[in-house]
Amino acid sequence: MKKLVEIKNLSVKFPPDKLVLDNLSLSINEGELISLIGLNGSGKTTLVKAIAGLIKPSKGEIKRFTDKIFYIPQKSDLDTSFPITIRELFALFGRKPYEEYLKQVGMLSFLDRQVGKLSGGELQRVFIALALSNKPDLLLMDEPISGIDVVAEKSFYEMIERIRKDYEMSIVLVSHDIHVVIAHADKVWCLAGHICCQGPPAEVASSKEFLELFMPHLQPYKHKHDHVHK
Amino acid sequence: MSLMLSWLGGYVVLRREVVLAHAMPNVAFLGVVLAFMFGYSITFAIVLFTVIAALLIDYLRRKNLIHSDSLLEIFAQFGLASAVIVLSFVKGYQIDLTQFLFGDILAISHTDLYFTFAIFVLVSLSLYKWHHVFLKLSLSESFSHVSLKNSRLWHTFLILLVAVSIGLAMKIVGILLVAAFTTVPANIAKLFAKSIKQTFVFAAIIGLITTFVGLHVSALWDVPSGASIVVLLISTLFFTFAVVRP
């Protein structure tokens, strides 16, 4: 399998002396769907930004064997108070035919809609269409389901799987929702500043490091109420 | 000039860096004072000081040590405070703040004026030719990074264009008008424009119309022209806000 990105001994330090990523060695192969999981502050966003080239490594190196990498941030830096339309967004950052890519994500009728008038889920779909139009070899998505409700999550992941197959691209998906993310991935990276564990989902889910990291936070739901069921 | 500044203001407002319209005139003021002290060309001093400040701001912003807005405000304070200190060494010269606030086209030599005009033509041509690149950079840093080659160099170029234009315009029309043109027209236009293209076009038209009307009002009522234009611009903003976004 062709390698797209190779990360060797990557460390990222933020001023004054905060070590966010510590000695990471990872690789991304062609066509892989990788889930990047970890608790808040574990360095997930820093890692995808470093892969995208938005953050420079303090130590180590990131070898990119393709320059077709598209990054969709967790929180868009677009000023949505400006009346930018989806057509204008594509004219600036995408490629024609816009309609085809918007159709792929079910947003064709939104072409002349203003970006600021879209919901979080709709905006993510537009960004994915924008990414598709750039025909990337690697798509990096940071918390794409953060603006999506539970019902729409399932269809969102189905769409991700479909576009990965149709466009033969690799995807790195950052998420908090470990159950869903693990279920859809080929490979899981579990991050806590360093790589706790990595590998196929089943292997990672049963690993000691994974259970130690996530189990204390996965309390079973206890139904409590102050009313009587009829 | 109002047309050019209003257009540039579109990028500045999009980038949420309106403090630049406050910082660059202050830095330019320091250049003016030093040029006055040593007898150099005022325009050359403004270009030199704003270019150095813009490059430093760009460098420090990338280091991620201080937020962009704080960084710009620090440069604004440094420029003004240094200029006042330098002025205190010039015997018999009193600070004329009205000249700083409202500009003084008569204080510029003919050569300086031609040089300024030439730079404004170059800036306007650059805006015409590379508007889509500057728009990309201003709209989204992350998307422009992946869809634009040499995005960092383009970014530096945009900052330099904005900084030099604002600095030079300050000497002619004053800090008040420069800041108003860079901030207000784009904010009025975005209230009723239906697209980003319309926002830039409307901002330029608003800048132009308010300049003409402001100058006429000033002549008619015998009030300061710069202040009239600023008040007119801000009144238009509130009026538009009341009508479009009740």
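Please read these numbers as outputs of a predicted model, since none were measured by experiment. (Residues numbered from 1 in each chain as written. Chains lettered and ligands numbered in written order. Predicted model: local features only at pLDDT ≥ 70, side-chain atom pairs only at ≥ 80, totals over all residues. Heavy atoms only, no water.)

Q: Looking at this model, I keep getting lost on the overall build of chain B. Mind explaining?
A: Within chain B, the secondary structure is distributed over 11 helices and 0 strands. Against the globule reference of 18 Å for 246 residues, chain B gives a C-alpha radius of gyration of 18 Å, in line with a compact fold. Across the 246 residues of chain B, 50% fall into the buried class. Counted over contacts in chain B with a minimum sequence separation of 6, partners at least 24 positions apart contribute 74%. Summing over all exposed atoms, chain B offers an accessible surface of approximately 12100 Å²; the carbon and sulfur share of this is 72%. Positive and negative charge centroids in chain B, built from 15 and 9 side chains respectively, lie 15 Å apart. (Helix = DSSP H or I, 4+ residues; strand = E, 2+ residues; numbered from the N terminus. Rg over C-alpha atoms; globule rule 2.2 N^0.38 Å. Buried < 20%, exposed > 50% of the residue type's maximum accessible area, 1.4 Å probe, protein only. Contact = heavy atoms within 4.5 Å. Areas by Shrake-Rupley, 256 points an atom, 1.4 Å probe, with all protein chains shown as cover. Lys, Arg positive; Asp, Glu negative; His and termini not counted. Charge placed at Lys NZ, Arg CZ, Asp CG, Glu CD.)

Q: In this structure, what is going on with the interface of chain A and chain B? I would like to understand it.
A: Often the size quoted for an interface is simply the accessible area lost on bringing the parts together. Taken together, the contact pairs 23 residues of chain A with 26 residues of chain B. The contact between chain A and chain B buries some 2300 Å² in all, and 65% of this surface belongs to carbon and sulfur atoms. Counting the surface chain A buries against chain B, the share from its top three residues, A:Phe82, A:Leu92 and A:Phe93, is 30%. Summed over the shared surface of chain A and chain B, the result is 1 salt bridge. With a closest N to O distance of 4.0 Å, B:Arg16 and A:Asp79 form a salt bridge. At the junction of chain A and chain B, the tally comes to 11 residue pairs in polar contact (both at pLDDT 80 or more). Elements with a contribution of two residues or more to the side of chain A that touches chain B: strand E5 (69–72), helix H2 (86–93) and helix H4 (120–133) of chain A. Split by residue class, the side of chain A that touches chain B holds 15 nonpolar, 4 polar and 4 charged. (Buried area = accessible area lost by both parts, 1.4 Å probe. Salt bridge = Lys/Arg side-chain N within 4 Å of Asp/Glu carboxyl O. Polar contact = N/O pair within 3.5 Å; in protein donor to acceptor, adjacent residues only side chain to side chain. Nonpolar A, V, L, I, M, F, W, Y, C, P; charged D, E, K, R; others polar.)

Q: What's the story with helix H8 (residues 151–173) of chain B in this structure? I'm lost.
A: Residue and element names in this part refer to chain B. Over its 23 residues, H8 runs 32 Å from end to end, which matches the ideal 33 Å to within 8%, given 1.5 Å per residue. In terms of residue burial, H8 counts as a mostly covered element, since 18 of its 23 residues are buried. Phi turns positive one or two residues past the end of H8, at Gly174, with a value near 95 degrees. (Expected span 1.5 Å × (residues − 1).)

Q: Even after reading the chapter, I still don't get the sheet that holds strand E6 (residues 138–142) of chain A, so can you show me in this structure?
A: The pairing of strands in a sheet happens through backbone hydrogen bonds and is either parallel or antiparallel. Residue and element names in this part refer to chain A. Taking strand neighbours across the sheet as the criterion, the 6 strands line up as E5-E6-E7-E3-E8-E9 in an open arrangement whose pairing is mixed. The two strands at the open ends of the sheet, each matched to only one other strand, are E5 and strand E9 (195–199). For this sheet the average axis-to-axis angle between neighbouring strands, irrespective of direction, equals 15 degrees. Summarising the sheet, E6 and strand E7 (residues 170–174) pair through 5 bridges and their orientation is parallel. Each residue of the ladder has a partner; that of Met141, found in E7, is Leu173. (Pairing = 2+ DSSP bridges. Axes fitted to C-alpha atoms, helices over the stretch in contact; angles between N-to-C directions.)

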